[in-house]
Amino acid sequence: MAKTFDKIAYNSLNDFVYGCAPNPVKCKNGMVIGGGEVYPELNFTLPPMELTAATMPEVKEIYTEMINGVLKRAKELYAPGIVVEFEMLPEMTLVPEWGIEVTSLLHNAMAEFEAKHGLKTALRATPGDVREFKRPPMMRSGEIFNNVLKTFEGAAKAGADFLAIETTGGKEIHDDALVNADLTKVIFALGIMGCRDMKFIWEHIVRIAGETGSIAAGDTACGFANTAMVLAHKGFIPNVFSAVVRVASVARTLAAYEAGAVGPNKDCGYEGVYCKAIAGVPIAMEGKSAACAHLSAVGNIAAAVADLWSNESVTPVRMLSDIAPVVSIEQLIYDCRLMNVAKQKGYGVTFRDFLADSDSKLDPQAYVLRPDVVFDLSKELVKAKTPFLRTKLGAKLAIDAIRKAVDTNEVVIAEREKNWLDIMDSQVESIPDDEEKFWQEIKGELDLSTFIPSEYGLK
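Residues numbered from 1 in each chain as written. Predicted model: local features only at pLDDT ≥ 70, side-chain atom pairs only at ≥ 80, totals over all residues. Heavy atoms only, no water.

S.K.: What should I look at first to understand the overall build of the protein chain in this one?
M.R.: The secondary structure content of the protein chain amounts to 17 helices and nine strands. Based on the C-alpha atoms only, the size of the protein chain along its principal axes is roughly 60 × 55 × 40 Å. Counting only residues that meet the buried cut, the protein chain has 61% of its 459 residues in that class. Put simply, 74% of the contacts in the protein chain that link residues at least 6 apart link residues at least 24 apart. Of the charged side chains in the protein chain, 48 are positive and 62 negative, and the gap between their average positions amounts to 4 Å. (Helix = DSSP H or I, 4+ residues; strand = E, 2+ residues; numbered from the N terminus. Buried < 20%, exposed > 50% of the residue type's maximum accessible area, 1.4 Å probe, protein only. Contact = heavy atoms within 4.5 Å. Lys, Arg positive; Asp, Glu negative; His and termini not counted. Charge placed at Lys NZ, Arg CZ, Asp CG, Glu CD.)

S.K.: Is there a simple way to think about the sheet that holds strand β8 (residues 284-286) in this case?
M.R.: Hydrogen bonds between backbone atoms are what pair the strands of a sheet, whose relative direction is either parallel or antiparallel. Strand order in the open sheet formed by seven strands is β7-β6-β5-β4-β3-β9-β8, with parallel pairing between adjacent strands. The open sheet has two edge strands, β7 (215-218) and β8, and neither has a second partner. Each strand axis lies, on average, 30° off the axis of its neighbour in the sheet, ignoring direction. Here three bridges tie strand β3 (residues 39-43) to strand β9 (residues 308-310), and the two strands are oriented parallel to one another. Bridging across to β9, Glu41 finds its partner in Ser310. Helix-sheet contacts for helix α6 (residues 183-212) involve β6 (162-164) and β7, and the interaxial angle to β7 is about 145°. (Pairing = 2+ DSSP bridges. Axes fitted to C-alpha atoms, helices over the stretch in contact; angles between N-to-C directions.)

S.K.: Just to check I follow, could you spell out the packing of helix α7 (residues 222-233) against helix α8 (residues 239-248) for this structure?
M.R.: How two helices sit against one another is set out by the angle between their axes and by the gap between those axes. Where α7 contacts α8, the two axes come as close as 9 Å, and the packing angle between them is 170°. With respect to their mutual orientation, α7 and α8 come out roughly antiparallel. Contact residues: α7 offers Phe224, Ala225, Asn226, Ala228, Met229 and Ala232, while α8 offers Asn239, Ser242, Val245 and Arg246. Tallied by class, the residues present in the contact of α7 with α8 amount to six nonpolar, three polar and one charged. (Parallel < 35°, antiparallel > 145°, perpendicular 65-115°, else oblique. Nonpolar A, V, L, I, M, F, W, Y, C, P; charged D, E, K, R; others polar.)

S.K.: Looking at this structure, how should I read empty space enclosed by the protein?
M.R.: Picture a little ball the size of a water molecule; that probe, rolled over the atoms, points out where space is still empty. For the structure shown, the criterion picks out two cavities of 30 Å³ or more. Taken as a whole, the largest cavity spans an internal volume of roughly 40 Å³. Surrounding the largest cavity, Ala225, Met229, Ser242, Ala243, Arg246, Tyr270, Val298, Gln365 and Leu369 form its lining. Mapped onto the lining of the largest cavity, the elements with two or more residues apiece are α7 and α8. One number sums up the size of the second largest cavity: a volume of about 40 Å³. Looking at the lining of the second largest cavity residue by residue, the classes come out as three nonpolar, two polar and four charged. (1 Å grid on protein atoms, 1.4 Å probe; cavity = no way out; pocket = protein on both sides within 12 Å on 5 of 7 lines; lining within 4 Å. Points joined across faces, edges and corners; volume = space filled by probe spheres on them.)

S.K.: Even after reading the chapter, I still don't get the pairing of strand β1 (residues 20-26), so can you show me in this structure?
M.R.: Every regular strand shows the same layout, with side chains that alternate between the two sheet faces. As paired elements, β1 and strand β2 (residues 32-35) share three bridges and run antiparallel to each other. Bridge pairing in β2 places Val25 opposite Ile33. Between the antiparallel neighbours β1 and β2 lie five residues, among them Gly30 with a positive phi of about 95°.

S.K.: Would you mind showing me how to read the packing of aromatic side chains here?
M.R.: Per the counting criterion, the structure on display carries 12 aromatic pairs. Pairing Phe188 with Phe438 gives two aromatic rings, centres 5.7 Å apart and planes at 85°, and the pair type is edge-to-face. Within this pair, whereas Phe188 is found in helix α6, its partner Phe438 is found in helix α17 (residues 435-442), the two being separated by 250 residues in sequence. Over the ring of Phe200 we find Arg140, and its NZ or CZ is 4.9 Å from the ring centre. (Phe/Tyr/Trp six-rings, centres within 6.5 Å; stacked < 30°, edge-to-face > 60°. Lys NZ or Arg CZ within 6 Å of the ring centre and 35° of its normal.)

S.K.: What should I look at first to understand the nonpolar core in this one?
M.R.: The tendency in soluble globular proteins is for nonpolar side chains to be buried side by side. With 152 residues, the main nonpolar core has Tyr63, Met92, Leu183, Trp202, Tyr274 and Trp309 as its most contacted residues. If one sorts the elements of this core by residue count, α6 sits on top with 16 residues. Apart from the residues within four sequence positions on either side, Trp202 is in contact with Leu163, Ala164, Ile165, Ala216, Ala217, Gly218, Asp219, Ala256, Ala259 and Ala261. By size, the runner-up hydrophobic cluster in this structure holds 12 residues, among which are Met31, Ile33, Tyr39 and Ala284. (Core = buried A, V, L, I, M, F, W, Y, C linked by side-chain atoms within 4.5 Å.)

S.K.: Would you explain the pattern of salt bridges in this entry?
M.R.: Taken as a whole and judged by the stated rule, the model has 37 salt bridges. Residues Arg390 and Glu258 are paired through a salt bridge, measuring 3.1 Å at the closest nitrogen-oxygen approach. On the criterion of sequence distance, the pair formed by Arg390 in helix α15 (residues 387-407) and Glu258 in helix α9 (residues 250-258) is long-range, its members being 132 residues apart. Grouping residues by exposure puts Arg390 and Glu258 together as buried. (Salt bridge = Lys/Arg side-chain N within 4 Å of Asp/Glu carboxyl O.)

Structure below.
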């Protein structure tokens, strides 16, 4: 059932803290996400290798070694529970049977370990959004789209507790828009293409979850805002631009919850903090303990309101102590243990603020994740009546918040980036509030060979 969020889920900033969500999610085994405790979420993947029918036996051996090692170490460290995310490689969604088979393998190993040792576990299955493998992409029909849905259904029936995905609708335009730091096209890609695609596919995922008894969890703007973050880190685009894209991406990720998803949001969706503030859903986040997968400027602040704490992803490279997934689960468990103890002793808000204050001044991408900033901006975001207007407003709010923070020395940005605040402001102001008018105005500036307008409900 479609939901409308016209107010935030919190009455007090002091309640907006890690480990607790207004709308916690309960698994079949009683494990509750967002019910008072932060749990680790471990993500692992294959080493570089060819994935074919002939290599599937080796694939299953690798996943078996990884899951058994992770479960054993979690038990040794007295973890109260863990979540494992199985992010499927593209081939595992293009050939649904492969992704379903590994999902079953992981579920069976986790269920057997839980029955034997009492370790609470939950499995997140994340099929790949392989619709983009056909160019221009067929977003709403065709064999590839059907295989995505088949993978979801099969994974749910194979025992996945949570269903998630990193959708890519709008990347056909967004990638070039990022490289050229064109906020007008970013907002079109996120606010019109992305939000429409999210509504479409998440209605399907929510239906599948309802039919299979699994949980429709959430999405991420990884291919959009995280791509911006990586480009900013490499110096290709301004940090302030990346920060604005992050807040502009909120409406797109929130669309999953408007379609009926309930969380936990996916780890690489840093904009999940806004979804938690608005929809009250639990969220997964990643930061310093995800350095095995990528570098970032938000290592501590990302944990400030997290309900699951993730390593992003790691391959089973052998380190001095053990394989990397086992190392990662140890790091995550210790991180969560510290956060939970601080909260139990009455210092949850204080520790949250330490996490935020340690990062927020040094980069605008961290600043827009501050709990107080998220809280204030979310109150304004919910006033927008449509996802498109929320996207446009998100960009404007981020620009204004960063400018004010620069003026009061709450965040430091390079001198060369200050002009970008004015440039982006002008771009946002030039965008009409009417979606159809915006589409007709921008159509002539887009490469229409890269996407099919009708796949986004555009004429």
